[in-house]
Amino acid sequence: MGAAGKGGAAPCIFCSIARHEAPSRIVYEDENTIAFLDIAPLSRGHTLVVPKAHVDRLTDLPPDQYAPLLSTLARVCRRVERLSTHYNVGLNQGALAGQIVFHLHFHVIPRYEGQRTFPRVRKEITEEDGRSVHGLLRAD
Ligand code: 5GP
Ligand code: ZN
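Please read all numbers here as calculations on a predicted model, not as lab measurements.

Throughout the structure, instances matching the rule amount to 1 aromatic pair. Centre to centre, the rings of Phe14 and Phe36 are 5.2 Å apart; their planes meet at 75°, and the pair counts as edge-to-face. Of this pair, Phe14 sits in helix α1 (residues 13–18) while Phe36 is found in strand β2 (residues 33–37), placing the two residues 22 residues apart along the sequence. In terms of burial, Phe14 and Phe36 fall into one category: buried.

Attention now goes to the sheet that holds strand β3 (residues 47–51). Within the open sheet, the 5 strands sit side by side as β1-β2-β3-β5-β4. Their pairing is antiparallel. In this open sheet, the two edge strands, each paired with only one partner strand, are β1 (26–29) and β4 (87–90). Across this sheet, the average inter-strand angle for adjacent strands is 15°, counted without regard to direction. Bridge count between β2 and β3: 5 bridges; the pairing is antiparallel. From the neighbouring strand, Leu37 faces β3, where its bridge partner is Thr47. The sheet strands contacting helix α2 (residues 66–80) are β1, β2, β3, β4 and β5 (106–110), and the helix crosses β3 at an angle near 165°. The strands that helix α3 (residues 127–138) touches are β1, β2 and β3; relative to β1, the one it contacts most, it runs at about 20°.

As a further point, take the coordination of the zinc ion (ligand 2). The coordination sphere of the zinc ion (ligand 2), as far as protein atoms go, consists of Cys12 (SG), Cys15 (SG), His54 (ND1) and His103 (ND1), spread over 2.0 to 2.3 Å. Geometry at the zinc ion (ligand 2) is tetrahedral, judged from its 4 donor atoms and the angles of 104 to 120° they form at the metal. Of note, the donors binding the zinc ion (ligand 2) are all from one chain and are spaced C-x2-C-x38-H-x48-H. With Cys12 in the segment before α1 and His103 in the loop between β4 and β5, this pair connects stretches of sequence that are 91 residues apart. Comparing Cys12 with His103, the two get one shared label, buried.

We now examine the side chain of His103. Classification of His103 by relative accessible area gives buried; the value is 0%. In contact with His103, not counting residues within four places along its chain, are Cys12, Phe14, Cys15, Val50, Pro51, Lys52, Ala53, His54, Val55 and Asp56.

If you look at the biggest cluster of nonpolar residues, it comprises 18 residues, and the most contacted ones within it are Val27, Val49, Val76, Val108 and Leu137. Taken together, the elements giving at least two residues each to this core come down to β1, β2, α2, β5 and α3. The greatest single-element share of this core, amounting to 5 residues, is contributed by α2. When residues no more than four places from it in sequence are discounted, the contact partners of Val49 are Ile34, Ala35, Leu69, Thr72, Leu73, Val76, Leu104, His105, Phe106 and Val108. Among the nonpolar cores identified, the runner-up in size contains 11 residues, and Phe14, Ala18, Val50 and Val101 belong to it.

Here we take up the pairing of β3. The side chains of a regular strand alternate, residue by residue, between the two faces of the sheet. Among the 5 residues that make up β3, 5 are buried, leaving the element largely enclosed by the rest of the structure. Where burial is concerned, the two faces of β3 agree: the one with Thr47, Val49 and Pro51 and the one with Leu48 and Val50 are both buried. Note: β3 against β5, 3 bridges, orientation antiparallel. Pairing of Thr47 across the sheet is with Val108, part of β5.

What follows concerns the pattern of salt bridges. Pairing between side chains of opposite charge can happen when the charged atoms of each approach one another. A full pass over the atoms with the stated rule returns 7 salt bridges. Measuring nitrogen to oxygen at the nearest pair gives 3.1 Å for the salt bridge that ties Arg19 to Glu21. Its relative accessible area of 56% is what places Glu21 among the exposed residues. The residue Arg131 makes a salt bridge to Glu127 at a minimum N-O spacing of 3.3 Å. Separated by 4 residues within a single helix, Arg131 and Glu127 lie in helix α3, roughly one turn from each other. Of the two residues, Arg131 and Glu127, neither departs from the other in class, the shared state being exposed. Several salt bridges converge on common partners, so that one network encompasses Arg25, Glu127 and Arg131.

Criteria and cut-off values
Residues numbered from 1 in each chain as written. Chains lettered and ligands numbered in written order. Predicted model: local features only at pLDDT ≥ 70, side-chain atom pairs only at ≥ 80, totals over all residues. Heavy atoms only, no water. Phe/Tyr/Trp six-rings, centres within 6.5 Å; stacked < 30°, edge-to-face > 60°. Helix = DSSP H or I, 4+ residues; strand = E, 2+ residues; numbered from the N terminus. Buried < 20%, exposed > 50% of the residue type's maximum accessible area, 1.4 Å probe, protein only. Pairing = 2+ DSSP bridges. Axes fitted to C-alpha atoms, helices over the stretch in contact; angles between N-to-C directions. Contact = heavy atoms within 4.5 Å. Donors = N, O, S within 2.8 Å, 3.2 Å for Na, K, Ca; no water. Tetrahedral: all angles 85-135°; square planar, octahedral: opposite > 155°, others 65-115°. Core = buried A, V, L, I, M, F, W, Y, C linked by side-chain atoms within 4.5 Å. Salt bridge = Lys/Arg side-chain N within 4 Å of Asp/Glu carboxyl O.

Structure representation (structure tokens):
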């Protein structure tokens with residue numbers, strides 16, 4: 001775990017979520033990984049899949065974390081298929097690629113009928129719908 005993960009000079013929001021210090025709608029969690037709903041979703045059910053160990057980049061991830069992370073990613077994809085069998089899995093790596101949170105995370109972004117291009121506008125999600133999507137995705 002790097003300095004940011006220890007809540008030092010540069011506290012990391014995803015480390016805080018992984019430690020349950022910051023609130024989030026967690027859909028799955030195990031010893032090595034956590035998945036939660038994006039706070040500003042690009043589509044209904046937009047979920048982030050995150051290793052608990054603080055690393056910025058996939059290339060920094062210890063190889064023994066590859067399998068746990070891919071396993072959680074697949075699990076989340078299976079659950080997202082409850083909403084739509086069409087989705088994008090994404091990794092923004094580096095600021096020029098759109099990375100804002102410098103703690104490795106995969107996006108799982110469901111796609112729906114009528115959405116012809118990749119969504120760029122963050123959707124307002126009501127409290128009620130947030131609860132409903134959370135309930136659907138967190139169930140085993
Ligand atoms: P990036 O552009 O770094 O790949 O994506 C970061 C994502 O994290 C964005 O989609 C953003 O909406 C989401 N995000 C940022 N802060 C928070 C937060 O505090 N909670 C949750 N649940 N998502 C966050
Ligand atoms: Zn972190």
